[in-house]
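Analysis of the macromolecular model
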Amino acid sequence: MAVKKRMLSLLLCTVLHCVFVPLGVAFAAAVDSPATFDELNDAILNGTSTSNITVSNEGGTRTITLNADVNIEANGIFITNQTVILNMNGHTIEGTESYVLGVDVNASVTVRGDGCITGGTSTTTVINVYGTFNLESGTIHAKANRGISLSSSGKAMIGKDAIVKADGSNTYGRAVNVGKGCSLTTAGKIDSRCIGIFASGSVEIKGGTVHGYQYGVYANGSNVTDCSVKQEGGIIDAKYYGIYATNGANVTQEGGEINSNYYGIYANKSDNVTLSGGSITVTGNIVNSSQFGVYSNSGDVRLTGSSIELSGSIKVGVRAKKNDKKATASQLAVHSSNGSVTLSRGSVKVSGSVDLSGTFASSDSVEAADDRVTAFQIGVDSSASHVTVEGGSIDLGGSRIDTGTAIVKTGRYGVYTVSILDKNKNLTPANSTVSSGTITGGEYGVYIYRGGTHEVRGGTIEGHFGISIWGFNYPDGREPYGKTVLNISDGTITSDYHAISGNARRDGGYTRGSTIINISGGDIRCTKDGVGIYHPQDGELNITGGSISGPTGIEMRGGSLNMEDGSVTGTAETLSGKKSGDGNTTTGAGIAVSQHPENYAINVDISGGTITGYTSFYENHFGNIYDRVGPDRKPVNLKITGGQFVSTGDASVISMHNTGFISGGSYSYGVDKDYLGTLTWDEAKAFSPAKEQPIGFTGAFSCIKGKVKSNNLPYHVGYLTGYPTPMITMHVGEKRPPFVPTYKLSK
């Protein structure tokens with residue numbers, strides 16, 4: 001029995017060997033792998049099917065389905081005069097020469113199905129497109145240079161399930177290259193170690209991701225009109241440049257996100273940027289460099305709905321010594337040179353930090369004036385550009401610069417503008433208009449430097465300094481940047497130091513004068529410690545309306561003040577003063593006059609308006625000017641011909657150095673006789689209780705120490721020549737004393 005079983009086993013093995021071995025050999029022959037160049041080329045051009053490639057034709061469209069991987073060792077397959085669908089079916093096409101597939105101008109190719117078309121390290125471009133190419137799904141992988149390259153009038157679409165990637169780390173490492181006259185629409189994933197998309201044509205990003213280690217999108221217009229990048233959705237991501245545009249490329253963001261560590265959008269030359277939706281975020285921690293949300297040179301930037309935020313951190317690790325190269329670290333949400341910036345909706349925000357504490361200590365041999373490090377945080381930075389804020393918000397409330405003991409020049413600005421002279425001394429002014437929206441600065445809401453015309457017609461400006469205006473002129477009167485003009489007709493400007501301020505410093509042979517400030521409306525307020533308007537420079541301040549308030553309303557330390565209407569209020573409950581060579585001297589005055597030690601002439605002319613303060617009008621130089629220049633100080637001229645002076649203290653006017661400057665106005669307290677000019681009786685009516693007191697009033701006014709006082713009602717009488725004593729009595733309706741034909745107020 002055992003022998004029979006052994007014989008049966010041997011017979012079974014023999015049968016299996018005879019039957020199954022030939023079948024296995026036959027199966028292997030049915031799946032030749034990989035397929036060859038000739039097989040794929042014959043399938044595409046002639047419609048020939050093999051066991052590795054299945055071909056079907058329907059309605060003029062040829063569908064190629066891979067059943068095996070394909071190796072292409074020669075130059076690639078060039079498809080012409082055909083409509084082809086290539087179903088990768090989970091397989092790979094790999095080429096090693098200059099290109100893998102080419103699509104002619106009169107051809108259309110669609111790639112779908114899981115799988116990958118890849119080029120080797122010697123392959124210039126995986127897919128060359130002159131016609132129409134649609135990557136619905138699957139992967140294009142360039143191991144060296146370009147994944148997809150569009151030329152002539154090439155058109156490409158990348159679907160949401162598709163991937164294009166390039167491994168090259170130099171500037172030829174481009175996942176997609178879009179030539180002049182070509183177009184790309186993508187919702188897929190684009191990834192490159194250098195440039196995600198390089199475009200000289202048009203690009204639309206509808207979704208997905210575009211990543212490039214150096215550049216997410218590099219748009220080079222070469223001064224053609226149809227180079228554009230439009231983002232409707234998805235994410236553009238890069239370490240250095242989210243979008244880099246140059247030579248007339250136009251960039252539009254309607255949705256999606258742009259993320260970068262250094263530049264969100266860099267528009268290098270005559271490129272227009274329009275942001276109506278989506279977000280730009282510059283984040284990450286960097287060292288010894290700067291960050292920009294949008295950087296624009298000679299182009300226009302329009303924000304109509306996007307948000308731009310710089311939330312990263314910069315650390316300066318340079319230990320600078322005297323005569324070393326200066327270190328610079330700044331965060332600028334929007335920078336524009338020789339162009340324009342318009343914000344009508346959306347938000348601009350700087351919430352990051354700059355850390356300078358590790359740069360160097362003050363004990364190092366570095367002079368303080370040398371400013372070894374500069375660091376700025378700016379919402380909108382304008383260099384010879386026009387800035388328009390007609391809505392939206394600019395916010396630096398969360399920004400921070402940590403200086404430690406470093407010797408630095410720093411500043412945090414909502415809007416910063418500066419006019420530019422080129423090498424031929426041609427002027428390009430920086431202008432600005434604020435009509436709506438909110439600007440919140442860290443230190444400065446708006447900073448205006450040398451030149452341009454700047455309008456505030458509405459909106460809100462906030463900061464430690466609300467608006468700071470610095471002009472530029474030489475002592476001989478030359479004004480290379482022209483006048484620096486600020487016109488305020490409406491809006492609110494608030495600060496916890498000076499709401500509007502200039503600068504008196506002389507530096508390098510020039511001064512910061514030649515400013516003109518015109519105020520016809522608006523609400524200008526210092527809410528904490530400072531002045532409504534601090535004016536130390538050699539400029540003009542003209543007030544015809546509006547409201548100005550602060551612990552002191554206005555302090556004039558240089559230049560001219562002309563006031564015809566409006567209100568100026570000093571809110572402090574007492575009057576105090578101090579010497580100061582840098583900042584205001586007086587607290588508690590409606591208008592204070594205190595000549596700056598830099599020695600600028602002062603001219604004050606008040607003909608109307610309401611001035612309120614503990615002391616309405618106060619002049620005192622606190623010895624500063626005498627300490628600096630002695631008797632050679634420039635003149636201080638005062639003239640008051642009208643206006644209402646309301647004192648919450650015990651004097652309407654105090655002047656320590658000027659006399660004979662009052663010839664009109666009404667006062668809640670009488671003024672010292674030394675301040676009065678010579679008037680006719682008709683001119684003196686403005687001072688008359690008969691004009692100021694209510695009907696039915698009678699009573700005596702006593703002159704004590706040159707001041708005229710009453711118990712409860714505002715008036716001014718002054719001294720009338722011809723009275724035998726300083727005690728006078730006047731009644732309502734009384735015209736003039738009958739015993740003298742005319743009278744004059746005199747000192």
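On a predicted model such as this, the values are computed, not experimentally measured, just so you know. (Residues numbered from 1 in each chain as written. Predicted model: local features only at pLDDT ≥ 70, side-chain atom pairs only at ≥ 80, totals over all residues. Heavy atoms only, no water.)

Topic: unusual backbone geometry
- Phi is positive for Asn81, close to 55°, though the residue is something other than glycine.
- Given the relative accessible area of 57%, Asn81 is considered exposed.
- At Asn599, a position not held by glycine, the phi torsion is positive, near 70°.
- Within the element layout of this structure, Asn599 appears in the loop between β57 (589-593) and β58 (602-606).
- Residue class for Asn599 comes out buried when judged on its relative accessible area of 9%. (Buried < 20%, exposed > 50% of the residue type's maximum accessible area, 1.4 Å probe, protein only. Helix = DSSP H or I, 4+ residues; strand = E, 2+ residues; numbered from the N terminus.)

Comments concerning the sheet that holds strand β37 (residues 400-402)
- Read from one edge of the open sheet, 4 strands run β27-β30-β34-β37, paired in parallel fashion. On the outer flanks of this sheet lie β27 (285-287) and β37, each paired with one strand and no other. Each neighbouring strand pair of the sheet contributes to a mean axis angle of 15°, computed without reference to strand direction.
- As judged from the 3 bridges shared by strand β34 (residues 353-355) and β37, these two strands associate in the parallel manner. If you follow Ser353 over to β37, its bridge partner there is Arg400. (Pairing = 2+ DSSP bridges. Axes fitted to C-alpha atoms, helices over the stretch in contact; angles between N-to-C directions.)

Section: the pattern of salt bridges
- One pass over the full model with this rule turns up 16 salt bridges.
- Across the pair Glu232 and Lys206 runs a salt bridge, and its minimum N-O distance is 3.0 Å. Of the two residues, Glu232 sits in the loop between β21 (228-231) and β22 (235-238) while Lys206 sits in the loop between β18 (202-205) and β19 (209-212), which places them 26 residues apart along the sequence.
- The class for Glu232 is partly exposed, based on a relative accessible area of 29%.
- On the basis of relative accessible area, Lys206 is assigned to the partly exposed category, the value being 41%. (Salt bridge = Lys/Arg side-chain N within 4 Å of Asp/Glu carboxyl O.)

Structural notes on the nonpolar core
- By size, the foremost hydrophobic cluster in this structure holds 130 residues, and its most contacted members are Ile117 and Phe617.
- Each residue touching Phe617, except ones within four places of it in the same chain, is listed here: Ile591, Val593, Val604, Ile606, Leu638, Ile640, Phe645, Ser652, Val653, Ile654 and Phe661.
- Judged by nonpolar contacts, the second largest core, of 35 residues, contains Tyr215, Tyr241, Val373 and Trp470. (Core = buried A, V, L, I, M, F, W, Y, C linked by side-chain atoms within 4.5 Å. Contact = heavy atoms within 4.5 Å.)

Side note on the pairing of strand β42 (residues 444-449)
- Burial runs high along β42: 6 of the 6 residues are buried.
- Sheet topology note: the strand β38 (residues 408-418)/β42 ladder contains 5 bridges and is parallel. The residue bridging Tyr416 from the neighbouring strand is Tyr447, located in β42.
- Sheet topology places β42 next to strand β44 (residues 465-470); 5 bridges connect them, and they run parallel. Paired with Val446 across the bridge in β44 is Ile467.

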